[in-house]
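So the chains spell out like this:
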Protein chains: 2
Amino acid sequence: MTMINAYDPASGTNLAGSEPDMIMRRQNLLGPAYRLFYANPVHVVRGEGVWLYDPDGKAYLDVYNNVACVGHCHPHVVAALTKQASLLNTHTRYLHETVLDYAERLLGYFSAEIGHVMFTCTGSEANDLALRVAKAHTGGTGFIITDFAYHGVTEATAGMSPSLGPAMVLGEHVRKVPAPDAYREGGRDVGAVLADNVRKAIDDMRANGIKPAGLLVDTIFSSDGVFTDPQGFLSGAVDAIHESGGLFIADEVQSGFGRTGERMWGFQRHEIMPDLVTMGKPMGNGHPVAGMAARPEILAEFGQRLRYFNTFGGNAVSAAAGMAVLDIIEGEKLRDNARVVGAHLRSGLESLALRYPIIGDIRSAGLFVGVELVRCRASKEPARDETARVVNGLRERRVLISAAGPSANILKIRPPLVFSIDNADLFLTALDETLAEVGVS
Amino acid sequence: MTMINAYDPASGTNLAGSEPDMIMRRQNLLGPAYRLFYANPVHVVRGEGVWLYDPDGKAYLDVYNNVACVGHCHPHVVAALTKQASLLNTHTRYLHETVLDYAERLLGYFSAEIGHVMFTCTGSEANDLALRVAKAHTGGTGFIITDFAYHGVTEATAGMSPSLGPAMVLGEHVRKVPAPDAYREGGRDVGAVLADNVRKAIDDMRANGIKPAGLLVDTIFSSDGVFTDPQGFLSGAVDAIHESGGLFIADEVQSGFGRTGERMWGFQRHEIMPDLVTMGKPMGNGHPVAGMAARPEILAEFGQRLRYFNTFGGNAVSAAAGMAVLDIIEGEKLRDNARVVGAHLRSGLESLALRYPIIGDIRSAGLFVGVELVRCRASKEPARDETARVVNGLRERRVLISAAGPSANILKIRPPLVFSIDNADLFLTALDETLAEVGVS
C-alpha cells in the first residue's frame, strides 16, 4: 500500500504530457484524502487482459493489479455480471441460490475445519468482521499485527494498519511485532524469532490487563515488504496465539485466490490452519465482493448474540462475479500459470541481480514478488529514492508496478494471474533498462 | 433493520410450501449470523421493476426494498454496468474520468457548502469514514446517536447501532438521545426536546472528559420508527452540536436519493446544512457503491494526515452504476413520483385508519412510510405481535414489507421509487385484507 511519489500539487513537477486539468478537477471534486500513483499519473480509459490503455491508445503493461486477477475486463466475468444483473440482484434476507452455490464452491478450497463463509463488500469489512468475531469468541480485545501491516480503512482496521503512516495512531489494545524478514535477520530462524515476539506481545498485553483476542497476519506480509520464506515460518506464532486463547486470523486479501502459485491461499504455503480467513481484492475481479471464512465453533457466539447483515454482501450479482472468477482460475489453470510464470520471472530477476548490485534480495511466491533495492549489499541500506526512480522510470516505459516496505525500497510486482512468459520478459527488459538508467551499480 | 420472525430452525414452524432444504443448506454454509425475513422465507429467482418472482413464477410486490430504488434490474443500470465492466474497471489511483463525472454530478445535488465527495462500497463504510473524519477535524471522540439507531456493521458503526440488539455494547464515548417522536411525545415540541437532550448528552460527555466529535443522525429515523414531522425538528439539535464544536453528520443511506419526495436528501426537509453526508443503499441500485460528501474545510485535516484509499470505492463500474441511477431518477421523474404516489399511499392508509383502530399513527415523507400499530389508541400500547402477524400475513399475500422501532410495531413501507398508483392500491387492498384477518380492531 505504500505510495511512491504521490502527485504533489505544490511542486507540479513532471507533469508534462500528463493531465494537469484532470488532476486539478479531481482535487476539487474528491478532496485532499486521495492519492495518485506516480510522479506522472496514468490516465486510463480501457483495460484488457494484462493491459491498460490511455486515451491515445498507448498500452501499459499492468504488473501490479491483483484486483483484476483474471485479467482486466475478462469477458466471462462481464457476461456473468450482465446475466445476473439482468435477472436478479438482491440481498441475503431472501433465499436465492447464487450465494449458496458460491459459498459451497468457495468452501471447497478449504479443508473441512473451515465450515462457514460470510460475505462483505471489501477486504476492510472482512477484516473488521473478523476482529468483531474474534472478540466475541475469545472475550478478549488484544490484537497482534506486524510492524508495517495494512489491514483496511475502517476505524478498527485502520487502527491495525501502521503502514497508513505515523499519523495513524494504533489502539491501546494493539501490539506490533516485526515481520519475519529473513533478509535482514541474517541467518536467524525467523519463525522462532516471530513466535518469541508474539509471546512477548502476549505477555505485555497481560501485564496491561488486556486479554488476547487474535494474531492478524497478511500471510505474505505485503506491506511489510513481501516475506515468503522459509515456508513454515508462521507455525510457532500460530501456536503461541492459540496457547494464549487467541485466534489466528489469516488475511488473504492480497495473497489469496491462487496468487502464490499452486495452492489457493497464502497460509497453505506454511502448513498452518487459521481460525478465520479473510478474502477480498481479486475475489470478483473488480466487483466489490469480499468475505470471511471461519471455523463454525468460532462463529457460534457472534452469530447468536450479534447477527450480521451486509446489504450488498453476498448479493446475487456479487456471488455470480465471484463464481465467474473461480471458473476462470480453474479453466485457465491460473494457479499453474502463477507458479510457472512466477518461477520464470524470478529466474530473470536473479539474472538481473548478477549485473545490478542494487538488487539486494528477491522474494517471491508465484506471482507475488518483492525485489529489495539497497545502496550497499553489505550494509543493506535501503535505496528509497532509487526505488522511486525505478517505479517512475518503469511508468515512463509504460510498465506499472509499485513499492512496499517501511522504507519503500522494495519493488512490489504483482501482475494479473494471466501474466504470460512473454509479458514477464517484456517486464524484465524494461526493468533492465530502467535499472541501467537509474545508474546505481 | 428490525427483523420480524427470523426463521427459527428449532421451531421449524410455518415452513410448509417454503424451501426447508435450502434453508438448511444456507445455515450449513453461511452459519448462524445470517437471518431471513418472514416466518415463511421468500425464495426469489428474478426481479423486474417493483416485482420479485419465485421459482414457480409467482410475483411478489416489493414494498420494502429501497436498494432497488429505480426498480429491480432496470435495463439502463444493467446496460451501464455491462458497458463499463467491458471497457475498464479500475481504482482511483489511476486517473479515469468516470469517477470525476459522477462526483461532479452528485455534488450538483448539494448546495455549494458541500464541495467534496469520497467513495466507499457500503453505507457502513461511509459512516465509518465520517466518524474518522469527524474525529480528525474536531479532535474529539464523543458521538451522539438516537436510542434505536442503525448506522452500520463495522466495529465502529455497529458500536453506534443500538438497534442491533441488547448484546451490541455501545462505546463509552457514545451517548443516546430519544428520537423526535411526535406521536408519543404528545403535544410537546419534539425539536426543542431533541435539542435539549443533545445538550444534556454533550454536558454528560464533558463531565466524563469526552470531547464531542459529532451528532450522527439518520434524517428519517428509520430504525427508531420513521419520524418525519414536523419539518424543521432537527435544527435545534444541529445548533447544539455545532455550539459544542462537534459536527452534524447526516446519514442519508436510507433517506437519500429522492426517497422522501421532491428533494434529493432527507435533511433538506428540515432546512439544515450538514457538515458530512453519508450515502449508500439506493446509490447503485444494488451495485455496491456508497459515499460521503463533505464541507472541504472539514476534510482538510483528515486528508493531509491520514489519506484514504478504498480499493473498489469509486472504481469505474461503481461510478457508471451510480450515474445510471441518477439518469433514471431524473429521466423518470422519480422524486415527483415519490411525492405523488407517497401522498396517494398516505391517503389510502388514512382511510384504513378510519376502519382499523390498530393504526395509531401514520408518518411519511414521499415513499418512506411508517404505520404505527397499537393495541389501544389511548394507551398507545405497541402491537408487537399483531405487527408481526401483519407483516407475515402480507407476505402470504405476496406483498413484502417489514417493521421498525424498538417494539417492532411500526410497519416500514419503503418500495422502489418506481412504485405506481396501481401498485399502491394493490398494497392497500392487501393490507386491508390482512388487517381484517389479524382481527384487532
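- Naming follows an unreviewed UniProt entry, where chain A appears as Aminotransferase of Microvirga aerophila.
- As recorded by UniProt, the Cofactor (unreviewed entry) comment attached to chain A reads in full: "pyridoxal 5'-phosphate".
- Chain A has a UniProt comment under Sequence similarities (unreviewed entry) that states "Belongs to the class-III pyridoxal-phosphate-dependent aminotransferase family."

Observations regarding the relation of the copies chain B and chain A
Consideration 1: Superposing chain B onto chain A requires a rotation of 180° together with a translation of 0.0 Å along the rotation axis, leaving an RMSD of 0.0 Å. The superposition operator between the copies reduces to a two-fold rotation axis. When C-alpha distances to the rotation axis are compared across chain B, the minimum falls at B:Thr82, with a value of 2.9 Å.
Consideration 2: A shared interface surface links the copies, since 100% of the contact residues of chain B are contact residues in chain A too.

What to know about the sheet that holds strand 8 (residues 247-251) of chain A
Consider a sheet: its strands pair through backbone hydrogen bonds, and that pairing is either parallel or antiparallel.
Residues and elements named next belong to chain A.
Consideration 1: Ordered in space as 4-10-9-8-7-5-6, the seven strands form an open sheet in which the pairing is mixed. The strands lining the two open edges of the sheet, one partner per strand, are strand 4 (116-120) and strand 6 (174-177). Pairwise comparison of adjacent strand axes, ignoring direction, gives a mean angle of 20° for this sheet.
Consideration 2: The sheet contact formed by strand 4 and strand 10 (residues 290-294) spans five bridges and is antiparallel. Bridge pairing in strand 10 places Met-118 opposite Met-292.

Comments concerning the interface of chain B and chain A
Consideration 1: Contacts between chain B and chain A engage 95 residues on the former and 95 residues on the latter.
Consideration 2: For the chain B and chain A pair, buried surface summed over both sides reaches about 8900 Å², with 60% attributable to carbon and sulfur atoms.
Consideration 3: Broken down residue by residue, the surface that chain B buries against chain A is led by B:Arg93, B:Tyr94 and B:Leu95, which jointly contribute 10%.
Consideration 4: At the junction of chain B and chain A, the tally comes to eight salt bridges.
Consideration 5: A salt bridge links B:Glu104 to A:Arg25; the nearest nitrogen and oxygen atoms lie 3.5 Å apart.

Things to note about the state of the cysteines
Consideration 1: Under the defined criterion, the tally for this structure stands at zero disulfides over all chains.
Consideration 2: Here A:Cys121 stays unpaired: no disulfide links it, and the sulfur of B:Cys121, its closest cysteine neighbor, is 6.3 Å away.
Consideration 3: Note on A:Cys121: relative accessible area 0%, which makes it buried.

Concerning the pairing of strand 5 (residues 142-146) of chain A
All names here are of chain A.
Consideration 1: Buried residues dominate strand 5, accounting for five of its five residues.
Consideration 2: Residues of strand 5 alternate between two faces, with Gly-142, Ile-144 and Thr-146 on one and Phe-143 and Ile-145 on the opposite face, all of them buried.
Consideration 3: Strand direction decides the pairing type here: strand 5 and strand 7 (residues 212-218), joined by three bridges, are parallel. The residue of strand 7 that forms the bridge with Ile-144 is Leu-215.

Remarks on the pairing of strand 12 (residues 368-373) of chain A
Residue and element names in this part refer to chain A.
Consideration 1: Burial analysis of strand 12 places six of its six residues in the buried class, which makes it a mostly covered element.
Consideration 2: Side chains Phe-368, Gly-370 and Glu-372 of strand 12 all project onto a buried face; the interleaved residues Val-369, Val-371 and Leu-373 project onto the opposite face, where all are buried too.
Consideration 3: Here six bridges tie strand 11 (residues 359-365) to strand 12, and the two strands are oriented antiparallel to one another. Residue pairing in the sheet places Ile-359 in a bridge with Leu-373 of strand 12.
Consideration 4: With four bridges joining them, strand 12 and strand 15 (residues 410-413) adopt antiparallel strand pairing. If you follow Gly-370 over to strand 15, its bridge partner there is Lys-412.

Considering the sheet that holds strand 3 (residues 59-62) of chain B
All names here are of chain B.
Consideration 1: Pairing within the open sheet is mixed, and its four strands lie in the order 1-2-3-13. Looking at strand neighbours, the two that pair on one side only are strand 1 (46-48) and strand 13 (399-400), the edges of this open sheet.
Consideration 2: As judged from the three bridges shared by strand 2 (residues 51-53) and strand 3, these two strands associate in the antiparallel manner. Its bridge partner being in strand 3, Leu-52 is matched across the sheet by Tyr-60.
Consideration 3: Taken strand by strand, helix 12 (residues 421-438) contacts strand 2, strand 3 and strand 13, and its axis lies near 100° from that of strand 3.

Topic: the layout of surface pockets
Consideration 1: There is about 1500 Å³ of room inside the largest pocket.
Consideration 2: Looking at the lining of the largest pocket, the elements that each hand over two or more residues are helix 4 (123-138), helix 5 (155-158) and helix 8 (296-306) of chain A together with helix 4 (123-138) and helix 5 (155-158) of chain B.

Here's the deal with the pattern of salt bridges
Between side chains of opposite charge, a pair can form when the charged atoms approach closely.
Consideration 1: According to the stated counting rule, one finds 54 salt bridges over all chains in the structure shown.
Consideration 2: For A:Arg46, the salt bridge identified is with A:Glu48, shortest N-O distance 3.0 Å.
Consideration 3: The exposure class assigned to A:Glu48 is partly exposed, which follows from its relative accessible area of 45%.
Consideration 4: Note that A:Asp327 is salt-bridged to A:Arg105, the shortest N-O span being 2.6 Å. Taken together, the residues A:Asp327 in helix 9 (residues 316-331) and A:Arg105 in helix 3 (residues 97-107) connect sequence positions 222 residues apart.
Consideration 5: Taking the relative accessible area as the measure of exposure, A:Asp327 reaches 28% and is therefore partly exposed.
Consideration 6: Judged by relative accessible area, A:Arg105 falls into the partly exposed class, the value being 27%.
Consideration 7: Each of A:Arg25, B:Glu97, B:Asp101 and B:Glu104 takes part in salt bridges that share partners, so that together they form one network.

Considerations on the packing of aromatic side chains
Consideration 1: Scanning the model with the defined rule gives 16 aromatic pairs over all chains in all.
Consideration 2: When the centroid spacing of 4.7 Å and the interplanar angle of 15° are considered together, the rings of A:Phe110 and A:Trp265 count as stacked. A residue pair is termed long-range when its members are at least 10 positions apart, and A:Phe110 in the loop between helix 3 and strand 4 and A:Trp265 in the loop between strand 8 and strand 9 (276-279) qualify at 155 residues.
Consideration 3: Take A:Phe110: its relative accessible area is 10%, and that puts it in the buried class.
Consideration 4: Measuring from ring centre to ring centre gives 5.8 Å for B:Phe221 and B:Phe233, while their planes differ by 65°; the resulting arrangement is edge-to-face. Note that B:Phe221 is positioned in the loop between strand 7 (212-218) and helix 7 (235-243) and B:Phe233 in the loop between strand 7 and helix 7, a separation of 12 residues in sequence.
Consideration 5: Take B:Phe221: its relative accessible area is 1%, and that puts it in the buried class.
Consideration 6: For B:Phe233, a relative accessible area of 3% corresponds to the buried category.
Consideration 7: Here the basic side chain of A:Lys380 rests over the ring of A:Tyr183, its NZ or CZ set 4.5 Å away from the ring centre.
Consideration 8: Above the face of the B:Phe309 ring, B:Arg93 is positioned so that its terminal group lies 3.9 Å from the ring centre.

A look at the domain arrangement of chain A
Residue and element names in this part refer to chain A.
Consideration 1: Segmentation of chain A into domains returns domain 1 (20-70 + 333-438) and domain 2 (75-331).
Consideration 2: Placing the centre of domain 1 and that of domain 2 at their C-alpha centroids yields a distance of 25 Å.
Consideration 3: With 35 residues of domain 1 in contact, the opposing surface of domain 2 contributes 34 residues.
Consideration 4: Summing both sides of the interface, domain 1 and domain 2 together bury roughly 2800 Å²; the carbon and sulfur share of this comes to 56%.
Consideration 5: In this assembly, domain 1 and domain 2 are joined by two salt bridges.
Consideration 6: The partner of Glu-330 in a salt bridge is Arg-335, with the nearest N and O atoms 2.8 Å apart.
Consideration 7: On inspection of domain 1 and its partner domain 2, the count reaches 20 residue pairs in polar contact (both at pLDDT 80 or more).
Consideration 8: Elements with a minimum of two residues in the side of domain 1 that touches domain 2: helix 10 (334-355), strand 11, strand 12 and strand 15.
Consideration 9: Counting residues per element, the side of domain 1 that touches domain 2 draws most heavily on strand 11, which supplies five residues.
Consideration 10: Of the residues belonging to the side of domain 1 that touches domain 2, the class tally is 18 nonpolar, eight polar and nine charged.

What counts, and where the lines are drawn
- Residues numbered from 1 in each chain as written.
- Chains lettered and ligands numbered in written order.
- Predicted model: local features only at pLDDT ≥ 70, side-chain atom pairs only at ≥ 80, totals over all residues.
- Heavy atoms only, no water.
- UniProt positions renumbered as here; feature names shortened; annotations may be inferred.
- Least-squares fit on C-alpha atoms with pLDDT ≥ 70 in both.
- Contact = heavy atoms within 4.5 Å.
- Pairing = 2+ DSSP bridges.
- Helix = DSSP H or I, 4+ residues; strand = E, 2+ residues; numbered from the N terminus.
- Axes fitted to C-alpha atoms, helices over the stretch in contact; angles between N-to-C directions.
- Buried area = accessible area lost by both parts, 1.4 Å probe.
- Salt bridge = Lys/Arg side-chain N within 4 Å of Asp/Glu carboxyl O.
- Disulfide = S-S within 2.5 Å.
- Buried < 20%, exposed > 50% of the residue type's maximum accessible area, 1.4 Å probe, protein only.
- 1 Å grid on protein atoms, 1.4 Å probe; cavity = no way out; pocket = protein on both sides within 12 Å on 5 of 7 lines; lining within 4 Å.
- Points joined across faces, edges and corners; volume = space filled by probe spheres on them.
- Phe/Tyr/Trp six-rings, centres within 6.5 Å; stacked < 30°, edge-to-face > 60°.
- Lys NZ or Arg CZ within 6 Å of the ring centre and 35° of its normal.
- Domains from an automatic or database assignment.
- Polar contact = N/O pair within 3.5 Å; in protein donor to acceptor, adjacent residues only side chain to side chain.
- Nonpolar A, V, L, I, M, F, W, Y, C, P; charged D, E, K, R; others polar.

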